[in-house]
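Residue strings, one per chain:
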Amino acid sequence: MRESILTIPITDIFEPEEGCPICRMRDMLEDRAVEYIMGSAMMEPDVRIETNKQGFCKTHFDKMLAQKNRLSLALMLQSHLMELDKSIFSKRSIFEGLNAKQKKVTAVNNDCFVCSKIEWGMSRLMQTVFDMYAQSKEFRDMFERQEFICVNHYDMLVSVSETELDKKYRKQFVTECERLVKKGLTGLIEDVSHYCNMYDYRNTGKDADWGNSRDSIERAIRFLTTR
């Protein structure tokens, strides 16, 4: 399959063969979206209209805080809070039901500017992934060489492939996804079990061999949650 502006980002994501490739894809989109909103885009009127309306989830507020640009974040919070007050809590209407304001707040609580950008980007990149899988043996081989696929993205890949992947390759794709999630699961069971066993008094001492288990808790959580 010839490289193009669509396939190059996918190739770059799958080349490292470390961890879950779909997590890497999501992380790339997430980093770009956070950097975008914390940069000059923060002052663009069209973007501010969106952020004022949507707001951000806790995960992405934390990532924005980590950017160290507190003034940009404060300015976005200022206008978002004012929009929340203006459009919901200071608005009076005799036609509003008893729970109308609460329902509007629920909609805001379940929305996030960065999440929406990631979802938009993921849908387009995943379509390219399925196109490449159907058209390129080289990419199918690259997919098979991945370290593992996490539980959440295994679920997503198998589900979306039902409608987006050429039927000729779906069985092979699902089989590979199952192998890769099982591969990750088996390795984590070994590492987490080894970590637990290291607390047995018989395994203590200055020569205790923790192997790859010291960060197994964090890796297991990421495998189960993508985070």
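Procedures and definitions
Residues numbered from 1 in each chain as written. Predicted model: local features only at pLDDT ≥ 70, side-chain atom pairs only at ≥ 80, totals over all residues. Heavy atoms only, no water. Salt bridge = Lys/Arg side-chain N within 4 Å of Asp/Glu carboxyl O. Helix = DSSP H or I, 4+ residues; strand = E, 2+ residues; numbered from the N terminus. Buried < 20%, exposed > 50% of the residue type's maximum accessible area, 1.4 Å probe, protein only. Phe/Tyr/Trp six-rings, centres within 6.5 Å; stacked < 30°, edge-to-face > 60°.

Quick notes on the pattern of salt bridges
One pass over the full model with this rule turns up 11 salt bridges. Between Glu30 and Lys63 there is a salt bridge, and its shortest N-O distance comes to 3.6 Å. With a gap of 33 residues between them, Glu30 in helix 2 (residues 21–37) and Lys63 in helix 4 (residues 58–65) connect regions that are remote in the sequence. Across the pair Lys137 and Asp141 runs a salt bridge whose closest N-O atoms are separated by 3.0 Å. Taken together, the residues Lys137 and Asp141, both in helix 8 (residues 137–144) and 4 residues apart, mark about one turn of the helix. Classification of Asp141 by relative accessible area gives partly exposed; the value is 27%. Connected through shared salt-bridge partners, Arg26, Asp27 and Arg222 make up one network.

Description of the packing of aromatic side chains
Applying the stated criterion to the full structure yields 10 aromatic pairs. Between Tyr133 and Phe143, the ring centres sit 5.6 Å apart and the planes meet at 80°, which makes this aromatic pair edge-to-face. You can see Tyr133 sitting in helix 7 (residues 113–135) and its partner Phe143 sitting in helix 8, a full 10 residues away along the chain. Taken as a pair, Tyr133 and Phe143 share a single burial class, namely buried. Plain terms: the ring middles of Phe148 and Phe223 are 5.8 Å apart, the flat faces sit at 65° to each other, and that makes the pair edge-to-face. Taken together, the residues Phe148 in the loop between helix 8 and helix 9 (151–164) and Phe223 in helix 11 (residues 216–225) connect sequence positions 75 residues apart. On the basis of relative accessible area, Phe223 is assigned to the buried category, the value being 3%. An aromatic cluster is present here, built from Phe14, Phe130, Tyr133, Phe139, Phe143 and Phe173 joined pairwise through their rings.

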